[in-house]
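Structural overview for review
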Amino acid sequence: MIDAENLTKKFGNLTAVDNLTLHVDEGEIFGLLGPNGAGKTTTVRMLCCLISKTEGKASIAGYDVGNEADALKIRKLIGFVPDNVGLYEALSANDNLDFYGKLYDVPDAKRKENIERVLKMLDLWEKKDVMVGTFSKGMKQKLALARALIHDPPVLFLDEPTANLDPEASKTVRDFILELKKQKRTIFLNTHNLDEARRLCDKIGILNTSLRALGSPQELENNVGGRATVIQLEQLTDAVQEALRNLRLDMTIIENRVTIRLANPEKENSAILDAVFRAGGRVQSTAIVGSTLEDAYLKLVRKEAIE
Ligand SMILES: Nc1ncnc2c1ncn2[C@@H]1O[C@H](COP(=O)(O)OP(=O)(O)O)[C@@H](O)[C@H]1O
Ligand SMILES: [Mg+2]
């Protein structure tokens, strides 16, 4: 549904996004994760045809980003919630949505119907005639989501939709994103909230100007974060050491504790423990350590060695 190939954006001498290649399937929630200044907003603005790309290719549902004729088609297919929501503060919730609905040429009856549907979905229906200037941050964020949905687009781009929201408002927004997924919409989510990404996303890209990793949260945790099994023995005998060495493991030994770095501990642990037992080892405890998305993220963003 969303494709980018070697997508690059330069602002003068500064490369904001470098050679980004990614693919988002229909109905998927894709999370673009990265620190401030990583190029997340720039990426989304290019994909939404709001700024030009410097190099590379991108398409939404097969329509080319950067092609004038396709840009109109793309705009009808996508909804965008920018990081700075930019609503008309002097207008009511209803009038904000009505205005955008007209911009998108949504016919009168349909517009009315959509406004009611999205406002009810977001618990804002009661506030439809209230001036947006009086809304809390959470309510404004929800209204921005409603606005992005006014023309019922199959694809949504959300730029840090829960930044600066209190936990309760964040949860409402997250639940709503999951609701949108149930409706089979494709969602491209910028965030620097790791927990949010792990909970919501089918696939995550870690960006720091260039893409550092791409995969499901589980894949990133397993492949990038680096996991290890720690075996605490009563006594690390020569026989046990030799048995472990024969398995050619990447391990460190401190006193009677062996730490073994493994790609897939759940799968490899039983063979390792078998070897330990056969060599007469007595195990006090075993544990799998590492492996959070945070480990993976920090490792990649800090540009530490990637194998
Ligand atoms: N219009 C612009 N002109 C010049 N530099 C920009 C512009 N927009 C963004 N940048 C720069 O591009 C880089 C990426 O910014 P941005 O995409 O906003 O990152 P993020 O959304 O991940 O925080 C930053 O170094 C930022 O200062
Ligand atoms: Mg941003």
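These numbers come from a predicted model, not from an experiment.

1. A closer look at the pairing of strand S13 (residues 257-262)
- On S13, burial follows the alternation: Val258, Ile260 and Leu262 on one face are buried, whereas Arg257, Thr259 and Arg261 on the facing-out side are not.
- Across six bridges, the pairing between strand S11 (residues 227-233) and S13 is antiparallel. If you follow Val230 over to S13, its bridge partner there is Thr259.
- Sheet analysis places strand S12 (residues 250-254) next to S13, joined by five bridges and oriented antiparallel. Looking across to S13, one finds that Ile253 is bridged to Val258.
- Following S12, the chain reverses through two residues before pairing antiparallel with S13; Glu255 in that reversal takes a positive phi of roughly 50°.

2. Overview of the sheet that holds strand S4 (residues 55-60)
- Taken together, four strands build an open sheet; the order of strands is S2-S1-S4-S5 and the sheet is antiparallel. The outermost strands of the open sheet, each flanked by one partner alone, are strand S2 (14-24) and strand S5 (63-64).

3. Remarks on the domain arrangement of the protein
- As far as domains go, the protein holds domain 1 (2-215) and domain 2 (227-290).
- The gap between the C-alpha centroids of domain 1 and domain 2 is 47 Å.

4. What about the packing of helix H3 (residues 93-103) against helix H4 (residues 108-121)?
- Their axes nearest at 10 Å, the elements H3 and H4 cross at an angle of 130°. When the axis of H3 is compared with that of H4, the two are oblique. Between H3 and H4 lies a crossing whose hand is right-handed. Side by side, H3 and H4 meet where Ala93, Asn94, Leu97, Asp98 and Gly101 of the first sit next to Arg111, Asn114, Ile115 and Leu119 of the second.

5. Brief notes about the sheet that holds strand S10 (residues 210-215)
- Across the sheet, six strands lie side by side as S6-S7-S8-S3-S9-S10; this open sheet has mixed pairing. At either end of the open sheet lies a strand with only one pairing partner, and these are strand S6 (78-81) and S10. Averaged over neighbouring strand pairs, the angle between their axes works out to 15° when direction is ignored.
- The pairing of strand S3 (residues 29-33) with strand S8 (residues 186-191) spans five bridges and is classified as parallel. The residue bridging Phe30 from the neighbouring strand is Phe188, located in S8.

What counts and how
Residues numbered from 1 in each chain as written. Chains lettered and ligands numbered in written order. Predicted model: local features only at pLDDT ≥ 70, side-chain atom pairs only at ≥ 80, totals over all residues. Buried ≥ 20, exposed ≤ 12 C-beta atoms within 10 Å, placed from the backbone. Helix = DSSP H or I, 4+ residues; strand = E, 2+ residues; numbered from the N terminus. Pairing = 2+ DSSP bridges. Domains from an automatic or database assignment. Axes fitted to C-alpha atoms, helices over the stretch in contact; angles between N-to-C directions. Parallel < 35°, antiparallel > 145°, perpendicular 65-115°, else oblique. Left-handed = near helix turned anticlockwise from the far one by under 90°. Contact = placed C-beta atoms within 7 Å.

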